[in-house]
Amino acid sequence: MPYRPQKRRAPRTGNGNGNGSHHRGSYAARLAIARSRKSTTRRGSSGPNTVLVLLLILMVSGVGVASAAAITAGGAATMVLATLDEGLPDVKAFDDIDFNEQSIMYSRDGVQLAQFWDDRRSVIKSFNDIPKLVLDVTTATEDDTFWTNPGVDLEATVNALITEAAGGGDRGGGSTITQQLVRAVLLPEDVLENQWTSKEALYERKAKEILQAYKLTQAYPGDEGKQEIIKAYLNEIPYGGAVHGIQAAARVYLGKSMAELTMAEAALLAAIPQEPGNLYPYKEIVNKKGRAKYANVVKEKYGKVNKKTGKRKTRLVIKQCGDKSNCTDTELVRRQHFILNRLAEGKGEWTKPTAEQVEAAKKQKIVIRPERPIQYKAPQFVNAALSEVNRILGNDFDPVKVGGYKITTTLDWKAQRLGEDLVWAGAVAPHLPVSQMYDGLKKRKLTGEVSWVSRLRPLGVYSGALVAMDYRTGDILAYVGSPGYYKKNKNKKLDPKMDHVGLAKRQPGSAWKPIVYASGIDSGRMTAASVILDITTPFGGYNDQGQLWVPKNAEKTDSGPILVRDALQQSLNVPAIRALHRTG
């Protein structure tokens, strides 16, 4: 498929007049709204109030776009809006915003090697798929006037600005769901990057954000417009780690669909976006002993005792105080309780729980799925292929992982499996007890390799790598950078994740031997069945120490006459040098 940059932001317009074109693909082009609410608009016109808020922001910040004298003139508002609107993207580019979609990498024979982002990214296709409970916990905590405001909570914004003007500091707050969405996808990058350089730049960003939020609400009016905005918001916001969107959060943390969430679970998930780096379940902290542990969950034993092991199962649950005395709930639980209380106060559009239901929800034990590390097949090959594709496409918001691509590689999965088994046989099997070595070789259908594997036992070989290529096309068929990439390593001197094929810096060594023999066979000077002498011999010349060059095999032994195929299989040094002399 042709490359399309996966920028999540809409491009700015050429002249600020709202007529700029959107240059990107439209995987998430405007999605149909399957569910309709009342078609009448519940929002009144708030244009003048919004303009006044913008003017107030600029006065507080000191942004020099309108003088005090000009404010009294009727044209001040027009001048302010024209200045703020300059360079902003057309809000209708919202139709074409691409929500990041996972890419998948395959071998040439159709085996899935890697699924980037796994289930940490899942796009809601229709507003009708969002349960009312999820909508209510989201608006109750983020924007309880969402369904009626003009994209901006005027009262909250004015209060925040007055506090700032009175010297109370920038306490944040006041941002609606629409404003948060605008900040994510409908503001120019330079506005976001420059906002922390000065107070003026920060307030200019806030003013542009308010203007864009108001314009977006006007461009998508009525309840259908609100549905479209909140659907995009629930797809876009982060829920900690690599998890984006409420649908993915429900699957990753709870193993449920959105429709299966209880009120307690929905409120817990809704609390995370307020501070995703600290509030997500897998957040780790370091204790006094220097060990990492989870901050928001604890391990709990449950179920019956296993008769064989004498142990009970363990699971992760949200850390809660419940009825315990001298206990302080985590920030995640406190925010969950805040959201539940908001629902009890009637802040939800549809969910109206009783006080008893809210208290029961606060006490509900919430079980969290264990954190699952992402694992690839042929991991070192996947990493190398990913790096190459990124180089070709350009590292634009990590387009390969989140661009929705289907990537077919040259790898042959059967060849890869054989390569991994052979590297294991050469680097791991020789160090096992004899019975385990035989069992491992038998399991991998390598019993015919016992002879050479056994000869490696005294040599101290602990690592290895393998590359298999189709010499006619250059296609890489197998790529094994080390033995046991995901296995626990007891030898601290070795790193099983080290890619000895693509990253290790070493002289080519025996990698040249196949090339030497292949050249000799191609020239007709030998065949695989030719006999060649494996006898230590002075080949002439001197080394750096002035000593006569007498190369030896790694085992310091001679085999005498030996077939070319056997000399190559055993990677013998002396026969390879004789083959080089014979080939010329």
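In this text the structure is predicted, and so the values were computed from the model without any measurement.

Chemist: Go over the overall build of the protein chain, please, and point to the residues and values.
Modeler: Per the secondary structure count, the protein chain includes 22 helices and twelve strands. Within the protein chain, the proportion of its 584 residues that are buried is 43%. Of the contacts made within the protein chain by residues no fewer than 6 positions apart, 68% connect residues no fewer than 24 positions apart. Of the roughly 30,700 Å² that the protein chain leaves accessible, carbon and sulfur atoms contribute 52%.

Chemist: Run through the sheet that holds strand 5 (residues 297-302), naming residues and quoting values.
Modeler: Here three strands make up an open sheet; going across it, the order is 5-6-7 and the pairing antiparallel. One side of each edge strand has no neighbouring strand; the edge strands of this open sheet are strand 5 and strand 7 (367-368). For strand 6 (residues 313-318) and strand 7, the ladder comprises two bridges, and the chain directions are antiparallel. Counterpart to Val 317 in the pairing with strand 7 is Val 367.

Chemist: Outline the confidence of the model for the protein chain, listing residues and values.
Modeler: Overall, the predicted model of the protein chain reaches an average pLDDT of 79, with 79% of residues at or above 70. Of the regions scoring below 50 in pLDDT, residues 1-49 engages in 139 contacts with residues more than four places distant in sequence or in other chains. Of the regions scoring below 50 in pLDDT, residues 58-74 engages in 23 contacts with residues more than four places distant in sequence or in other chains.

Chemist: Tell me about helix 8 (residues 199-219), and please be specific about residues and values.
Modeler: Given 3.6 residues per helical turn, the α-helix brings residues three or four places apart onto the same face. Between its terminal C-alpha atoms helix 8 stretches 30 Å, which fits the 30 Å expected from 21 residues at 1.5 Å a residue. Here helix 8 lies mainly inside the structure; 15 of its 21 residues are buried. Taking the backbone nitrogen of Ala 201 as reference, a side-chain oxygen 3.1 Å away marks Ser 198 as the first, capping residue of helix 8.

Chemist: I'd like a rundown of the pattern of salt bridges, residues and numbers included.
Modeler: Evaluation of the coordinates by the stated rule reveals 15 salt bridges. One salt bridge in this structure joins Arg 205 and Glu 209, with 2.5 Å as the shortest N-O distance. One end of the pair, Arg 205, and the other, Glu 209, are both in helix 8, four residues apart, so they sit about a helical turn from each other. Note on Glu 209: relative accessible area 2%, which makes it buried.

Chemist: Report on the pairing of strand 11 (residues 531-534), specifying residues and quantitative values.
Modeler: Burial along strand 11 is one-sided: the face carrying Ile 532 and Asp 534 is buried and the face carrying Val 531 and Leu 533 is not. Here strand 11 runs beside strand 12 (residues 560-563); their pairing, made up of four bridges, is antiparallel. What sits directly across from Ile 532, in strand 12, is Ile 562.

Chemist: Requested: an account of the side chain of Glu 142, with residues and values cited.
Modeler: Mapping Glu 142 onto the fold places it in helix 4 (residues 132-142). Buried charge Glu 142 goes without a salt bridge, the closest partner of opposite sign being Arg 335 at 7.4 Å. Among residues more than four places away in sequence, those in contact with Glu 142 are Ser 175, Ile 177, Gln 180, Tyr 233, Ala 270, Pro 273 and Gln 274.

Chemist: Explain the packing of helix 6 (residues 177-185) against helix 9 (residues 222-236) residue by residue, including any values.
Modeler: Put simply, helix 6 and helix 9 touch, their axes get as near as 10 Å, and they point 55 degrees apart. By the criterion of interaxial angle, the relationship of helix 6 to helix 9 is oblique. In the crossing of helix 6 with helix 9, the sense of the turn from one axis to the other is left-handed. Here Ile 177, Thr 178, Gln 180, Leu 181, Ala 184 and Val 185 of helix 6 come into contact with helix 9, specifically with Lys 226, Ile 229, Ile 230, Ala 232, Tyr 233 and Glu 236. Tallied by class, residues from the contact of helix 6 with helix 9 come to eight nonpolar, two polar and two charged.

Chemist: How would you explain the state of the cysteines if you had to name every residue and give the values?
Modeler: Such a bond, covalent and formed between the sulfur atoms of two cysteines, is termed a disulfide. What the rule picks out here adds up to one disulfide. Between the sulfur of Cys 321 and that of Cys 327 lies a disulfide, 2.0 Å long from S to S. Linking Cys 321 and Cys 327, the disulfide has an S-S dihedral of approximately -75 degrees and is accordingly described as left-handed. Accessibility expressed as a relative area gives 7% for Cys 321, which makes it buried.

Chemist: Any details on the nonpolar core? Residues and values, ideally.
Modeler: Grouped together as the largest cluster of nonpolar side chains are 70 residues, with contacts concentrated most on Leu 234, Tyr 239, Tyr 253 and Leu 269. Top contributing element to this core by residue count: helix 11 (residues 263-271), with eight residues. Every residue in contact with Leu 234, bar those within four places of it in the chain, is listed here: Ile 124, Ile 130, Val 134, Leu 135, Thr 138, Tyr 239, Gly 245 and Ile 246. Formed by 16 residues, the second largest nonpolar core is a distinct cluster that contains Leu 113, Ala 114, Phe 116 and Ala 378.

Chemist: Before we move on, could you go through unusual backbone geometry and cite the residues and values that matter?
Modeler: With phi around 50 degrees, Ala 378 is a residue other than glycine that occupies positive phi space. Here Ala 378 lies in the loop between strand 7 and helix 15 (379-393). Ala 378 sits in the buried class, given a relative accessible area of 3%. You will see that Lys 445, though not glycine, has its phi angle at about 60 degrees, which is positive. Among the structural elements, Lys 445 can be located in the loop between helix 18 (434-443) and helix 19 (450-455).

Chemist: So, helix 13 (residues 331-344): which residues are in play, and what are the values?
Modeler: A rise of 1.5 Å per residue sets the reference length of helix 13, with its 14 residues, at 20 Å; its end C-alpha atoms lie 20 Å apart and thus fit the reference within 8%. Tucked inside the fold, the buried residues of helix 13 contact helix 4, helix 11, helix 12 (276-279), strand 6 and helix 14 (355-363). One or two residues past the end of helix 13 sits Gly 346, with phi positive at roughly 90 degrees.

Chemist: Break down the environment of Thr 83 for me, citing the residues and quoting the values.
Modeler: Relative to the helices and strands, Thr 83 resides in helix 3 (residues 76-85). Sequence-wise, Thr 83 and Lys 208 are 125 residues apart; in three dimensions their C-alpha atoms are separated by 9.6 Å.

Chemist: Can you explain the sheet that holds strand 2 (residues 112-115)? Please cite residues and give values.
Modeler: Ordered in space as 2-1-8, the three strands form an open sheet in which the pairing is mixed. Every other strand in the sheet has two partners, leaving strand 2 and strand 8 (406-408) as the edge strands with one partner each. Neighbour-to-neighbour, the strand axes of this sheet turn through a mean angle of 20 degrees, independent of strand direction. Of the strand pairs in this sheet, strand 1 (residues 104-106) and strand 2 are connected by three bridges, and their pairing is antiparallel. Within strand 2, the position partnered with Ile 104 by the bridge is Gln 115.

Chemist: Help me get a handle on the pairing of strand 10 (residues 476-480), residues and values and all.
Modeler: In terms of strand pairing, strand 9 (residues 466-469) meets strand 10 through four bridges, oriented antiparallel. Across the sheet, Val 467 pairs through a bridge with Tyr 479, a residue of strand 10. Counting the residues in the hairpin turn of strand 9 and strand 10 gives six residues, including Gly 474, whose phi is positive at 85 degrees.

Rules used throughout
- Chains are numbered independently. Their residues run from 1 in the order of the written sequence.
- Note on the predicted model: pLDDT of at least 70 is required for a residue's local features to be given, and 80 or more for side-chain atom pairs to be given and counted; whole-chain, interface and lining totals, by contrast, use all residues.
- Computation of side-chain values covers all heavy atoms of the structure but excludes hydrogens and water.
- By definition, any uninterrupted DSSP run of H or I lasting at least four residues is a helix, any uninterrupted run of E lasting at least two residues is a strand, and each is numbered from the N terminus.
- Whether a residue is buried, partly exposed or exposed follows from its accessible area with a 1.4 Å probe, protein chains only, as a fraction of its type maximum: under 20%, in between, or over 50%, in that order.
- The contact criterion used is simple: two residues touch if any of their non-hydrogen atoms lie within 4.5 Å.
- All accessible areas in this document rest on Shrake-Rupley with a 1.4 Å probe, and a residue is counted as covered only by the protein chains that are shown.
- Only strands joined by at least two bridges in the DSSP assignment are considered to pair.
- The predictor reports its confidence for every residue as pLDDT, a score running from 0 up to 100.
- Any helix carries an expected span of 1.5 Å times its number of residues minus one.
- In protein, a polar contact requires one atom able to donate a hydrogen and another able to accept it; more generally it is a pair of N or O atoms within 3.5 Å, and residues adjacent in sequence count only if both atoms are side-chain atoms.
- One speaks of a salt bridge when a side-chain nitrogen belonging to Lys or Arg is within 4 Å of a carboxyl oxygen belonging to Asp or Glu.
- In this tally, Asp and Glu contribute negative charge and Lys and Arg positive charge; neither His nor the terminal groups of the chain are included.
- Lines fitted to the C-alpha atoms define the axes, with helices restricted to the stretch that makes contact. Angles between their N-to-C directions range from 0 to 180 degrees.
- Geometric relationships in this document are graded by angle, where less than 35 degrees denotes roughly parallel, more than 145 denotes roughly antiparallel, 65 to 115 denotes roughly perpendicular, and other angles denote oblique.
- Handedness of a helix crossing follows the sense of rotation of the near helix relative to the far helix, less than a right angle counterclockwise being left-handed and clockwise being right-handed.
- In this classification, Asp, Glu, Lys and Arg are treated as charged, Ala, Val, Leu, Ile, Met, Phe, Trp, Tyr, Cys and Pro as nonpolar, and every other residue, Gly included, as polar.
- Cysteine sulfur atoms are paired as a disulfide whenever they fall within 2.5 Å.
- Definition used in this section: a nonpolar core is a set of buried Ala, Val, Leu, Ile, Met, Phe, Trp, Tyr and Cys residues joined via side-chain atoms within 4.5 Å.

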